[in-house]
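Close look at the chain arrangement
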Amino acid sequence: MTERRVLWITGGGSGMGAATARSAAADGWTVVLSGRRADRLDEVAAAVRSAGGSAEVLPLDAGDPHAVAAAHDALLERHGRLDGLVLAAGLNAPQRRWDDQSLPTFRAIVDTNLTAVVTVVDAALPSLRASGGVVVVVSSYAGWSFQPGAGVAYSASKTALGSVVRTLNQQEAPHGVRATHLCPGDVATDFLDQRPSVPDEAARAVMLQPADIARTVSFVLGSPSYMRVDELVVSPVSQR
């Protein structure tokens, strides 16, 4: 019997991370869900299991390097392997301009969107080298193309993820590690509530849906080991 591949998802309790968990589990992955809210993670894991998939919960503050290292060790102790990593946690704030942002909020956004991503990848990299694993960094359209409304901190952090992925691909290719800078346009999730002007239901109806991103991630995760998807941009046809 073929051993199930193991996928670690940060930001797995809601939105794109939760949708990815459901989709990946349906594709045969064992999904390990991390995030700060254990109750939300439990709900997603329960939904995965009720659909016949395999999921477990590993609550985590990805901004804490010691917690990340401990979580990685716990994952390996339980499963003995790690084949994929999806980094879907994100943060923004309504106050996102030079004339209204605060430096503590700026740091929090960069820590969540950039530093935490690097922290988790760094901890997981030995396991990914061993498996020739795949990494999907869920960035943003603002990480691919300048978006004036995205904010100073958000734009800076998401743009930097492109360099993180490029260096990972360039330096880890000899180990078979592949990484994707995934840049979605507007997606109808609770993340939109962090905007200065929150989109209404009509606006959200023409946006991408979490399931669309999950299918995109599944394409990357299912690609053959000789194929690397360096960067992938998906956006809604309607641009408001």
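Quick note: structure is the one above.
Each chain has its residues counted from 1, following the order in which its sequence is written. Where local features are concerned, this predicted model is filtered to residues with pLDDT of at least 70; where side-chain atom pairs are given and counted, the filter is 80 or more; whole-chain, interface and lining totals use all residues. Side-chain calculation: all heavy atoms of the structure are included, whereas hydrogens and water are not.

**Side note on the overall build of the protein chain**
- Within the protein chain, the secondary structure is distributed over seven helices and seven strands.
- Where helices and strands are cited, they refer to DSSP runs of H or I of at least four residues and of E of at least two residues respectively, numbered from the N terminus. Each helix (α) and strand (β) of the protein chain, taken in turn from the N terminus, gives the series β-α-β-α-β-α-β-α-β-α-β-α-α-β.
- Relative to its length of 240 residues, the protein chain is compact, with a C-alpha radius of gyration of 17 Å against a globular reference of 18 Å.
- With respect to the principal axes defined by its C-alpha atoms, the protein chain has extents near 55 × 40 × 30 Å.
- Counting all 240 residues of the protein chain, 50% fall into the buried class.
- Within the protein chain, contacts between residues separated by at least 24 positions form 69% of all contacts whose residues are at least 6 apart in sequence.
- Element-wise, carbon and sulfur atoms account for 53% of the exposed surface of the protein chain, whose accessible area totals about 11,400 Å². Values of the radius of gyration come from C-alpha atoms, whereas the globule rule sets the reference at 2.2 Å times the count of residues to the power 0.38. We call a residue buried when its accessible area falls under 20% of the maximum for its residue type, exposed when it is over 50%, and partly exposed in between, using a 1.4 Å probe and counting protein chains only. Pairs of residues are marked as contacts when any of their non-hydrogen atoms sit within 4.5 Å. Surface exposure here means Shrake-Rupley accessible area, sampled with a 1.4 Å probe, where a residue is shielded only by the protein chains that are shown.

**Comments concerning the pairing of strand β1 (residues 6-10)**
- In terms of burial, β1 is a largely internal element, five of the five residues being buried.
- Alternating positions in β1 separate into two faces, Val 6, Trp 8 and Thr 10 on one and Leu 7 and Ile 9 on the other, with burial throughout.
- For the handedness criterion, the strands are oriented away from the viewer, and a crossover whose path from the first strand over the helix to the second runs clockwise is classed as right-handed. A crossover connection joins β1 to the parallel strand β2 (residues 30-34) through helix α1 (residues 15-26); in handedness this β-α-β unit is right-handed.
- Examined bridge by bridge, β1 and strand β4 (residues 84-87) share four bridges and lie parallel to one another. Bridging across to β4, Ile 9 finds its partner in Val 86. What makes two strands pair is DSSP finding at least two bridges between them.

**Details of the pattern of salt bridges**
- Here a salt bridge means any side-chain nitrogen of Lys or Arg lying within 4 Å of a carboxyl oxygen belonging to Asp or Glu. Under the definition given, this model contains ten salt bridges.
- Of the charged contacts, one joins Glu 56 and Arg 78 as a salt bridge, the two residues approaching to 3.0 Å between their closest N and O atoms. Note that Glu 56 is positioned in strand β3 (residues 54-57) and Arg 78 in helix α3 (residues 65-79), a separation of 22 residues in sequence.
- Taking relative accessible area as the criterion, Glu 56 reaches 12% and is therefore assigned buried.
- A salt bridge links Arg 228 to Asp 230, with the nearest nitrogen and oxygen atoms 2.9 Å apart.
- Taking the relative accessible area as the measure of exposure, Asp 230 reaches 38% and is therefore partly exposed.

**Structural notes on the sheet that holds strand β6 (residues 178-184)**
- Strand order in the open sheet formed by seven strands is β3-β2-β1-β4-β5-β6-β7, and the pairing between neighbours is parallel. If you trace the sheet from one side to the other, it starts and ends with β3 and β7 (231-234), each paired once. Shown here is a sheet whose adjacent strand axes are inclined to one another by a mean of 15°, direction ignored.
- Structural elements are reduced to axes, namely lines fitted to C-alpha atoms, with helices fitted over the stretch in contact, and the angle between N-to-C directions of any two is expressed from 0 to 180 degrees. Packing against the sheet, α3 makes contact with β1, β2 and β3, and its axis sits at approximately 155° to β1.
- Those strands touched by helix α5 (residues 152-172) are β5 (134-138), β6 and β7, and its axis lies near 160° from that of β6.

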